[in-house]
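Residue-level structural notes
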Amino acid sequence: MNQELDFMFVKYARVWIPDVEEVWRSAELTKDYRQGDGVLQLQLEDGKELEYKLDPKTNNLPHLRNPDILVGENDLTALSYLHEPAVLHNLKVRFTDSKLIYTYCGIVLVAINPYETLPIYGSDIINAYSGQNMGDMDPHIFAVAEEAYKQMARDERNQSIIVSGESGAGKTVSAKYAMRYFATVSGSASEANVEEKVLASNPIMESIGNAKTTRNDNSSRFGKYIEIGFDKRYHIIGANMRTYLLEKSRVVFQADEERNYHIFYQLCASAQLPEFKALKLGKADNFHYTKQGRNPVIDGIDDAKEMSTTRNAFALLGVNESYQMGLFQILASILHLGNVEVKDRDSDSSIIPPNNGHLSVFCELMGVTYQDMSHWLCHKKLKTATETYIKPVPKLQAINARDALAKHIYAKLFNWIVDHVNKSLHSTVKQHSFIGVLDIYGFETFEINSFEQFCINYANEKLQQQFNMHVFKLEQEEYMKEQIPWTLIDFYDNQPCINLIEAKMGVLDLLDEECKMPKGSDDSWAQKLYNTHLKTCALFEKPRMSNKAFIIQHFADKVEYQCDGFLEKNKDTVNEEQIHVLKASKFDLLVELFHDEEKATSPTGAAPTTGGRTRLSVKPVKSKTGQASKEHKKTVGLQFRNSLHLLMETLNATTPHYVRCIKPNDYKFAFTFDPKRAVQQLRACGVLETIRISAAGFPSRWTYQEFFSRYRVLMIQKDVLTDRKMTCKNVLEKLVQDPDKYQFGKTKIFFRAGQVAYLEKLRADKLRAACIRIQKTIRCWLARKKYLRMKHAATTIQRYVRGHQARCLAKFLRRTRAAIIIQKYQRMYVQKTCYKRKQAAALAMQCILRAYMARQLYKALLREHKAIIIQKMVRGWLARQWFKRSLRAIVYLQCCIRRMRAKWELKKLKIEARSVEHFKKLNIGMENKIMQLQRRIDEQNKDNRSLSERLNGLEISHAAESERMRVEVHRLRGAEEDAKNNANKVATLLEELERLRKDLKNTQKEKKAIEDWAKTYQDEMEQMISELKEQNHLLKNEKNDLNRLIQEQGQQWTEKMQRALKEETQQLENDLNEERSRYQNLLTEHLRLEEKYDDLKEEITLAVNVPKPGHRRTDSTHSSNESECTYNSEFAESEEGSRGGEDVSKAILDMSLFLKLQKRVSELEQEKQSLQNELDRREEQFQRARARDDEEHKKARGAELEYESLKRQELESENKKLKHHLNEMRQSLRGSAEAGSAAPGSPPYTVLLDQLNSSNEELEVRKEEVLILRSQLVSQKEAMQHKATMTEPLPYIEDVQKLTDAKEISQAYMGLKDTNRLLESQLQAQRRSHDNEVEVLRGELQSVKEDNNRQQQLLAQNLQLPPEARIEASLQHEITRLTNENLELHSDDPKEYKAYRISMLRRMVDLMEQLEKQDKTVRKLKKQLKVFAKKINDLEGGQMDVSPGQTTDEPVHPVNIPRREKDFQGMLEYKKEDELKLVKNLILELKPRGVAVNLIPGLPAYILFMCLRHADYVNDDQKVRSLLTSVINSIKKILKKRGDDFETVSFWLSNTCRFLHCLKQYSGDEQFMKHNSPKQNDHCLSNFDLAEYRQVLSDLAIQIYQQLIKSMESILQPMIVSGMLEHETIQGVSGVKPTGLRKRTSSIADEGTYTLDSIIRQLNSFHSIMCQHGTDPELIKQVVKQQFYIIGAVTLNNLLLRKDMCSWSKGMQIRYNVSQLEEWLRDKNLMTCGAKETLEPLIQAAQLLQVKKKTDEDAEAICSMCNALSTAQIVKVLNLYTPVNAFEERVSVLFIRTIQTRLRDRKESPQLLMDTKVIYPVTFPFNPSSLALETIQIPGSLNLAFLTRV
C-alpha cells in the first residue's frame, strides 16, 4: 500500500483539498511525497503556492483526482477514485460544460434542474430510448422508465420509480416525464385513452397541491405515489394515486415571496367570467389568504390560462360542469372565510359584527345559516359527564378556529378530488402489473423547522434505509453471482434514528401521549423528550440556548426543531359544532365531503335539474359512525406513520428505481452550479452513501476481454495465452502485489477503489515510455535525414562556389582584354577629334570672310532694286487712284438701283430670323427641325454664292465700264477746251458724282453690316448645330447605356427567373413528395386500421360464437348465391376501406358499434333470406304462367325468328357485296390517282368522295343493324333457354338458315353495278377537264402543302404538351395568325384595321368564355359518364346474377355467326368455379423461393394477366371484377399472414408491380404503347378500361412496399448500432474506457454480436432476393436508399445519445464503416440511387469528431462543412465529445459558444434526432416487358392444369 501511495503521490500528481467557498479545490504536487512527511507542497490552479499540512493523528492524505479522460463520465461509479470531490467535479463538468443534466450513480439517476427548457423530451427521444439497454444510452429519465418497463415485462414483477429531492429540484417534472414515457410507449388497451387521463391528472393535482415558495415557483406541497396499471400485454389500463401529508397550513398562512395553492389565484384571475360572477371574487390582493406573501404573480405564468387548462383536465377525467362549479364554489367560500373579521367583546370573548359581508357570502355559497356559523366561530361547546357548556372564546382562539375550519374544508376537498381522479382512472380490466412513481419531498432543513419538516425528514429516513438496504443487496447479489469471497460491508444504518422517532416512547409516541393530556402543551412535551432521550440516545440533543427545541441527528445532517405548534398540528382539531353546521348545509357537494362513510356520488352523474336542488340521500349507520369517529381521533403523526408503513411495504414488494433531483443554485439561474448547495443535497439524498458503499467493496469491474483489450500494452508476448482469464490473472499478479486489491469472478475482475487509476497510470507510463522511444527513434531518423540533407547541401554549395570563382576569373580576363581595346580606340578618337576641331576653325574663318564680301555686294544690288520698286509703286498708286474714282461712280449708280431690293431682302431675312428663333424655341432638340435649318442655311449659302457671283459680274462690267470711261476721259481731255465751256455742267456732274460716292459708301456700309449679320447668324447656327449634335451624341450614349442596362437587367431577370423557376420546381417536387408521402402514410394507416378492424371482428365473432355471414370459399362446389354473397362482401369491404379511415377508426374504438354492425349483419341475412324466398315464389309463378303462354308464343316466336333470320342473311350478303365493290372502287381510284388523273380538291374527286362517304354511311348503318340483330338473337336465345316447351324450334331455325331471296340479292347487285358504271363514266369525263386545271391547282396545292406542313409541325409540338399547355399553344398560334392578318389590314386601311381589331378582341374573349364553358361541361359529363357507367355495370351485374339460377332443360344451338379464325393470342381461359382454385394455387399456397429459383420472374403476374385478358376478350365484366378483387384480397391475406417474411413481401411486391405494368402496357393508351411490339399492341385490352383498378393496384403496391420496408427495418435494426458503432472494425484504434455499474454493450466482437460484415451480408441478401424476384431496378434503388437512410439515422441518433461514442477514434471507425457501405454501392452499381446522400449527416458527424476544435478558423470550417447537420446536432456532438486517451483534448465551452454564434442565423428545425420512421414516398416508373405472352409456358408444379391456352 505504501509503495502504491509513493507511486501515486509524486510530483505533478493532482489532488483535492477542502475549501470554504468552493468546497473542494484542485491542486498539483510540486514535490514528491515521502513516507512520514507532514506537509505537502502544492500549487493551486491559479498558480498560487500552498503548503498543505496533514493531520498528525490520522495522517490522511488528500483525495487524488481522476484522470482527465474519466472526467465527465456517464456513471459516477466508473471513476477510479470514488469520493465526494470526484463526484462533485464530475457533475459540475457535465452540467456546466456539456449541458448534461442526467448522470448515473450506480443504480441512482442524478437529475440536476437546468432552469431552462431543453429539447430532450420529445417523441423522437422517447422512440430512441424505447427498447434500449439502460447502459447503452446516455443517462436520462426515459432510460430509467424504460428499464422499469422492461423489467416489469421480463421479470413479471411490479416496479417503482422513487423521485426525491428538495423543493425546486425538479421532482414533479421528472415524475411527469416518466409517466409521459409510459403513456407513449405502452399505449392504451381499451377504447378510452387512459394514458391521456393519466397525464390529465397532473394539471389538476398541480393546481390544488402545488404552490410558489422561495425556492420553487411550482413546489409540490404534498407527496404522491401513482400506480400505473398494465394488463397482460403491458398496455396502460388505469392508474391510482395516493397522497401524503398535504401542507394544510399554507391555506391560511404564507411567508414573504410565497403564494397559496395555485387554484385560488386561478379563480381570482378568472373572476370576470360569467359563470364565476356568483362567486363574488375579485383580485388576489383582496383576500387575506392570498395576499400574505405580497407577491401574487409568477413571472411567465398566466393564471387565467392555467384555469382553462385545469377545467379541461377536469372535463377529460369525467367531472362534469356542475361538479366543477361546486368545487370552485367551495374554494371561493374558503377565500371569503379568510376575510371574516373577528373583534374583541372583552378579554375572554369575541364577536363577529352583524351583517359581515364576507361571512354572508360564505354562508350563501356553503348553504348554511349566518347565525349558526357566526355563533360557533366565536363559541365552543364543552362536555362533561353530566352537563354541556357553551363557552365564548377570545379573539385569538376564534381566529385560529376560523383558520382550522378553512384548512379542514380544503383538506376534505383535496381528498375528494383525489378520490374522484382515482375513480376516473380506475379500470374494470384486471390489473396484471403496475409501475409506481413516487414523487415525495426530500430532506428539508430551514432556520425554523416545525412539525411538517419533522414528518418529511422522518419519511426520508425510512426511504434512505430502504435505499441503503437495496444497494447493499445488489452488491451482495453481484458478488455471489460472480462467486467471489466477500465480507460484510460497513454502511450507515439509520435504524436508531428511526427508532428514536417511531419506537415506543419515541418522539411520535410521546407527542400522541401529550396530545391526550387535558392540559398538554408544547413545553411539557419538550421536557418529556429531554427526560426520556437526552441521556439515553446519542442522536438526540438539546440546544444550549433554548428549552423549546430539540435536535435530531439525521442521516444527512443535524436538524433543530422548534416545539411550538407541534401539539396543535398533530391534533388537527376542528370545532365539531362548525362541522355539524356544514353537514346541515343545503349544498350537496359539501354534505358529500363531510360524510366519508357514505358512497360518494359519481362526478359524471347527471347535473341537477333547473327546477330545484337535488339532495343526496345520506343514511348514517351507527357502527360506521362510531368507527369513523374513532378514526377521526387519530393524530396526524399516527396517520402519517401508518401511511408511510404502507408505502414502504409497497416499495419493498417492487423493484425500486431511484431518481435524485438536485437544485444547482437558489437563484434559478440556468446552468449555474453552486458547489455548496449541490454537496448539501448530495449528502442528503444518499448519493454519497451509494458511492461510499460502492467504494467499500469492489467498485471497478471489468470483463476479462475488456481488461485484456485495455491493458494489453502492459503484457509481454509470453504472457498472452489463449485463455483470457489466465492471462489476466498472470498480469495482475505481476502488476498489483496486494491480492486484496482485486478479485477474479466468473466473468469479471473486481478492483478496489483507486486500482484502476493505478493501472491507468502504469498504462499511461508504458505508453509514455513507448512514445518516448518512438520519439527518440523518429528524432534520430529526422536528425540523420537532416544531416544528410545538410551534407548534400554543403557539397552542392561548394560546387556552385567553385564554379562561380572560375567564371569570375574568366570574366576578369575578358574584361582586361576589352579594356585594352577600349583604350586603343579612345586614344584614336581623341586625336581624330583634335584634327577635326582645327579643320573646322580654318573653314569657319574662310566662311566669315567670304560672307562679308557677299553681303556688301548684296546691299548694293538691293538698294538699286528697291529704288525701282518705289518708282513702280508710285506709278501704280496714281493709276489705282484714278481707277478707284471711276469705279466708285459706277458702283454708286448700281447701288442706288439695288438699294430698294436690298432693303426688301433685309426685311425678309429679319422676318425669317424671327421665325427661326421661334421655331428653335418650340422645337429645340428635334433632329428633323435641325435638318430643316441645315437645309435653309445651305439655301442661304447658295444665295450668298449667287450674290457673290453677281458682285463679281458687276465688278467685271464695272471694269469694262471704267475702261470705256477712261477712253472717254481721254476723249474728253482732247476736248478739254470744249469742256471749259461747259464748266457749270461739269461742276454739276462733279456734285452728282460726290453724292453718288456718298451713297456708295453708305451702301458699302450696309452691305458690310448685312455680311456681318449673316456671318453672325451663320456662327450662331453652327454653334446651335454643334450643340444639338453634342446633345444628340449624349442622347445616343444615354440610349446605349439604357439599352445596355436593359440587357443587363433582362439577363439578371432571366437568371432570377431561372433560379425562381428552379426553386419553384424544387418546391413543387418537395410538395409532390410530401403529398405522395402523406398519401402513402394514409394508406398505411388505412391498412393498419383495416387489419385491426378485421382482428377485432374475428375476436368478437369468436367471443359471441356467431357464424360469419357468407360462406368461405373452398375447392368444393358452391351455389351461385354463396359466391355472390362472398363477392359482394369482399367488394363491400374494399369499398368501405376506400372511403377513408375515419369510420373504420371509429368502429375500432367503439365496441358498441361492433355489436350494432353484428346485429345489422344478422338483419341483412334475414332480409337476404326473405328476398330469396320472394325470388323463389316469383319463379314458381313464372313457371305456372309460362305453361299458359307456350302455345301462343310458339307461333309468334317462330314467325319472328323466320323474319329476323331472313333479314340477317340479306344484310350479310348485301354487306359482302358492298365491301367487294368498295374495294374495287378504291383500287380504281388509287390507280387513277397514281396516273395523275385526279387530285384532291378537284370536282370529280369531291363528287366521288361524297358518293363513297354516302356508301360508307350506308354500310355503317347496315353494320349497326347486323349488330342489333345479333344482340337480339343472342338475348332471344338466352330467353329461350328458360322455356320448357321450346323443344321444337330447332327445325325452324335450320330452315331459316337455308332461306335466301335470290331475286332481292340480284337486284341489289345490279343496282350497285349500274352505279359503278355511272361513276366510271363521270370519272372519264372529268379527266379531260382536269388536265386543263392541273397546273393552276398544283400551285395552290404547293401553298396548301406548305401551310399543311406548318400546321402539322405546330400540331406535333402541341401534342407533346400537356392538355392545358396544348390549349394555350393553339390559342397563341391563332393569335399569331390573326396578328399577321392585322398587320396586313393595318398597312391597307388603319380605320378598317382598328374596327377589325376590336371585333377580333371581342371574338377572342367569346372564344375563351366558350372554352371555359366547354371545359366545365366536359368535366361534368365525364363525372356523369362515370356514374352512369357504374350504374350500368351494377344493373348488368344484377342481371347476370339472376341468369345462372334459371334452368335449362335442353340445349339450343346458337345462331351461326361466322368468325375469322385467330392464332394463339396469349390468353388463359378458366371456368368461373375454378377462380378460387386459381387464387389458392397461384397466390395463397405458392412458395416464393421455388418460383424465384426455377421460373421466370413475375410468372404469377403474367398468368393472372393472361387470365384477365381472356375475361376481357369474352367481354365478361363480372369475371374481370371478380378476378381482380380476389387477387387483391388474396395478396392482402398472404401479406397479413406472412408480412414479416422479407422474401414473401419482396416476391409479391415484384409481382404486383409486374401486374400493374402489364395493365398499363396492354391498356391501349399511347403513352404506354411506345415500346410495344406489333404483336403486343394486338394483345391490348379491348373491352374494359381498368384505370381505376390500376390505381387500386398502385395503392396495394405502396402498402406492400411499406410492409417490405418495415420487415427490412425489423431485420436491420438490431444490427445497426452494434455493427456501425460498437464493433471495432479497425481493431485497436479505440481503447476501452472503464465502465460503471451500468455496463454498456461491449465493443469486442463476441459470438452472436453483429458486425459491419453482418450488415453487408444482410444487404447482399436483400439485394439478391429482390433481383431473383425480378424487382424493377428503379424500385430496388428506392429500397436501397431507404435502407441506407435507416442505417444513417439510427447510427446518428445513437451517436447523439451516447457520450462514450463521441471520440476521435470512433469517428475514424464510422468513416471506415461508411466507406465500406459506399464500396458496396459501387459494387452493385447503385451510386446514383441517392443512398450515399442519406448518409451525409452521419459522415459529417464523423468528420466533426475528427477535425480540430480550437480556433475561430476551425469553427468556420466546421460551420461550412456540417451543412447537413442542424445546429442542435452540432452542439450536441461537441458537448458529448470525450477524449479516450490522455493526449486528446476536450472541446472548450468558448469554442462551442462560437459555433452557436456562427450558426444562429440558420433556419432549421430544432429537432435533435432524425426521424427513423420516415419512409420516402415510393414511385413505380413504368417498366414494360419485352416478353411475349404467347411464349409463356405454365409449369406443372403450379398445379394449374385447369387453365386452357387460347
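One structure accompanies this document, and this report is about it. By convention here, each chain's residues receive numbers from 1 onward along its written sequence. Since the coordinates come from a predicted model, pLDDT governs what is reported: local features require at least 70, and pairs of side-chain atoms require 80 or more to be given and counted, while whole-chain, interface and lining totals use all residues. Side-chain metrics rest on all non-hydrogen atoms present in the structure, leaving aside hydrogens and water.

1. Quick word on the overall build of the protein
Numbering of helices and strands runs from the N terminus, with a helix taken as a DSSP run of H or I at least four residues long and a strand as a DSSP run of E at least two residues long. In terms of helices and strands, the protein carries 53 helices and 26 strands. Exposure is judged per residue with a 1.4 Å probe applied to protein chains only, and the accessible area is read against the type maximum: over 50% gives exposed, under 20% gives buried, and values in between give partly exposed. A total of 1846 residues make up the protein; the buried ones form 41% of that total. Methods summary: accessible areas were calculated by the Shrake-Rupley approach with a probe of 1.4 Å, and residue burial reflects only the protein chains presented. For the protein, the accessible area works out to roughly 105,000 Å², and carbon and sulfur atoms hold 54% of it.

2. Some words on the sheet that holds strand S6 (residues 102–105)
When DSSP finds two or more bridges between a pair of strands, those strands are recorded as paired. Taken together, the 7 strands give an open sheet; going across it, the order is S6-S7-S21-S8-S17-S11-S12, and neighbouring strands pair in mixed fashion. Only two strands of the sheet have a single partner each, and these edge strands are S6 and strand S12 (236–244). Taking the axes of each pair of neighbouring strands and ignoring which way they run, one obtains an average angle of 20° across the sheet. Seen against the sheet, helix H2 (residues 84–97) touches S6 and strand S7 (108–112) and runs at an angle of roughly 155° to S6. With respect to the sheet, helix H4 (residues 141–155) is in contact with S6, S7, strand S8 (159–164), strand S11 (223–230), strand S17 (433–439) and strand S21 (655–662), its orientation differing from that of S21 by roughly 170°. Where helices are involved, their axes are fitted lines through C-alpha atoms of the stretch in contact, as for all axes, and angles between N-to-C directions lie from 0 to 180°. Residue contacts follow a heavy-atom distance rule, with two residues in contact if any of their heavy atoms lie within 4.5 Å.

3. Considerations on the environment of Arg1793
With respect to the secondary-structure elements, Arg1793 resides in helix H53 (residues 1789–1798). On the basis of relative accessible area, Arg1793 is assigned to the exposed category, the value being 51%. For the pair Arg1793 and Val1771, spaced 22 residues apart in sequence, the C-alpha to C-alpha distance is 8.7 Å.

4. Points about helix H14 (residues 451–482)
Think of an α-helix as turning once every 3.6 residues; residues three or four places apart then point the same way. The span one expects for a helix is its residue count, reduced by one, times 1.5 Å. Helix length check: H14 (32 residues) gives 47 Å between terminal C-alpha atoms against 46 Å at 1.5 Å per residue, within 8%. When you tally the buried positions in H14, you get 25 out of 32 residues, the bulk of the element. Immediately beyond the C-terminal end of H14, within one or two residues, lies Gln483, with a positive phi of roughly 60°.

5. Observations concerning the environment of Asn339
Position of Asn339 relative to the elements: it lies in the loop between helix H10 (321–338) and strand S13 (343–346). Linking Asn339 and Phe362, residues 23 residues apart in sequence, is a C-alpha distance of 9.8 Å. N or O atoms within 3.5 Å of each other form a polar contact, as long as, within protein, one can give a hydrogen and the other can take it, and as long as residues adjacent in sequence are counted only when both atoms are side-chain atoms. Of note is the side chain of Asn339, whose polar atom sits 2.9 Å from the backbone oxygen of Asn286.

6. Thoughts on the packing of aromatic side chains
Two aromatic rings from Phe, Tyr or Trp, using only the six-membered ring of Trp, form a pair when their centres are within 6.5 Å; if the ring planes differ by under 30 degrees the pair is stacked, by over 60 it is edge-to-face, and anything between is tilted. In this structure the tally under the stated criterion is 35 aromatic pairs. Measuring from centroid to centroid gives 5.1 Å for Phe1547 and Trp1548, while their planes differ by 80°, and the two rings are edge-to-face. On the basis of relative accessible area, Phe1547 is assigned to the buried category, the value being 2%. Through a chain of ring-to-ring contacts, three or more aromatic side chains come together here, namely Phe451, Phe454, Trp525, Tyr530, Phe540, Phe550, Tyr561 and Phe566.

7. Topic: unusual backbone geometry
Although it is not a glycine, Tyr234 adopts a positive phi angle of roughly 60°. Note on placement: Tyr234 falls in the loop between S11 and S12. A relative accessible area of 13% places Tyr234 in the buried class. You will see that Met505, though not glycine, has its phi angle at about 65°, which is positive. Here Met505 lies in the loop between helix H15 (495–502) and helix H16 (507–516).

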